[in-house]
Amino acid sequence: MDFRALPKIELHAHLSGSISRQCLHEVWLRKKEAGETDLEDPLMVMPEGKHDYDLKAFFPLFSSYIYHLISCPWSLSHTTTRVLEDFASDGVVYLELRTTPRSLPGLSKAEYVQTILDAISSYHSRSPPPPLRAKLILSVDRRNSLPEALEAVSLARTFQSAGVVGVDLCGDPAAGPIDKFRPAFDQVKKIPGTGVTLHFAETACSGTGKELMELLSWKPERIGHVIHVPRNIRGQIINGFASEEAVKGDEGRKKKMGLELCLSCNVHAGMISGGFEAHHFGEWWKVEETIIALSTDDVGVFGSPLSNEYALVAEHFRLDRTEICALARGAIEVIFGGEEEKERLRGIMWTE
Ligand code: IMP
Ligand code: ZN
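Rules behind the numbers
Residues numbered from 1 in each chain as written. Chains lettered and ligands numbered in written order. Predicted model: local features only at pLDDT ≥ 70, side-chain atom pairs only at ≥ 80, totals over all residues. Heavy atoms only, no water. UniProt positions renumbered as here; feature names shortened; annotations may be inferred. Donors = N, O, S within 2.8 Å, 3.2 Å for Na, K, Ca; no water. Tetrahedral: all angles 85-135°; square planar, octahedral: opposite > 155°, others 65-115°. Near = heavy atom within 4 Å. Polar contact = N/O pair within 3.5 Å; in protein donor to acceptor, adjacent residues only side chain to side chain. Areas by Shrake-Rupley, 256 points an atom, 1.4 Å probe, with all protein chains shown as cover. Helix = DSSP H or I, 4+ residues; strand = E, 2+ residues; numbered from the N terminus.

- Per an unreviewed UniProt entry, the recorded name for the protein chain is Adenosine deaminase domain-containing protein, and the organism is Diplogelasinospora grovesii.
- Turning to the protein chain, the UniProt record has this under Sequence similarities (unreviewed entry): "Belongs to the metallo-dependent hydrolases superfamily. Adenosine and AMP deaminases family."
- Per UniProt, the protein chain has the following entry under Catalytic activity (unreviewed entry): "N(6)-methyl-AMP + H2O + H(+) = IMP + methylamine".

Structure, rendered in structure tokens:
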């Protein structure tokens, strides 16, 4: 099967982690020639072919390197455009890109978001129109304070009409308790049409029953990773959410939880053991009450485009062509992009 030609939906991709090394290198070269950076070449910091970043090495890649390189409007806009092109050339037809608003020298957080939305908008206006449509999710980092989280929610409200469709909780799972963010996610629920997605049970330390019950009480439409899930919480994901939020339109059908599962990231970062065959995709993909959106997380770091994630599940879990098409198409139901976009996708996603 041609996994690149298969039209695909990507719902869990961090902007700064999705920039290819070649693109980072080009930005670095331009800045180096202009005398604007003393940073080391990204191809030295992140050598081609190296994808085994564990979580300890992974988070500092951003705070100590990538954020210093992508530090001006031009580099932000240029890398956003390249990320869109890369997803499109891999056959992605709908993308929800997520990013943590940050202020850059001379650029407020609102201008950071506006710059990304402008890049998306001018990408959409190309002629002929590209098949990829992109939306934006704003992330709250676990290291943030509550006022910072509330600011991200306020930006999501401000930029909703320009293409912001959701709010995410991300960041180092070891960064401490998350209860403090509840008022911020309560606010998201008051913005009609804005979804909630949460990094969920990524590591043992963020997989306690207490934390996961708290996260579920924020009523996310989707959760990401879903690795260290105790049995009772698994039951909550399958039954609790569906019954509590039951019967929302859709001819009385129960609303299903979206699971953003990222195989290569989990294997390369050592978040699971036993390799691809042992990935919890195998436990979830036949659970009728949930919907899987296969995703890349950080393709620039882990090096596996979405087409390869589909190839991996076909190989390791023996999905045939019909099952692969159903998996890809299933994600339509959990996008945050609205009914019109769902209709467009129903028209272009393969049925078999
Ligand atoms: P940005 O939000 O566009 O700057 O993308 C990079 C940021 O995404 C990182 O600093 C992390 O906070 C977050 N991130 C990327 N991958 C992961 C992940 O697997 N778990 C949690 N946070 C992540
Ligand atoms: Zn993530």
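## Description of the coordination of the zinc ion (ligand 2)
Line of reasoning, step 1. Taken together, the protein ligands of the zinc ion (ligand 2) are His12 (NE2), His14 (NE2), His199 (NE2) and Asp297 (OD), with distances of 2.1 to 2.2 Å.
Line of reasoning, step 2. For the zinc ion (ligand 2), the four donor atoms in the first shell make angles of 84 to 172 degrees at the metal, so the coordination geometry reads as irregular.

## Some remarks on the site of ligand 1
Line of reasoning, step 1. Surrounding ligand 1, one finds 19 residues, the nearest of these being Tyr67, Thr99, Thr100, Glu202 and Asp298.
Line of reasoning, step 2. Contact between ligand 1 and tyrosine 67: an oxygen atom at 2.5 Å from a side-chain N or O atom of the residue.
Line of reasoning, step 3. At 2.7 Å from an oxygen atom of ligand 1 is found a side-chain nitrogen or oxygen belonging to threonine 99.
Line of reasoning, step 4. For ligand 1, whose free accessible area comes to 490 Å², the fraction covered by protein is 99%.
Line of reasoning, step 5. Of all the secondary-structure elements, those providing two or more residues to the shell around ligand 1 are α3 (55-69) and β2 (92-99).
Line of reasoning, step 6. Top element by residues in the shell around ligand 1 is α3. It accounts for four residues.

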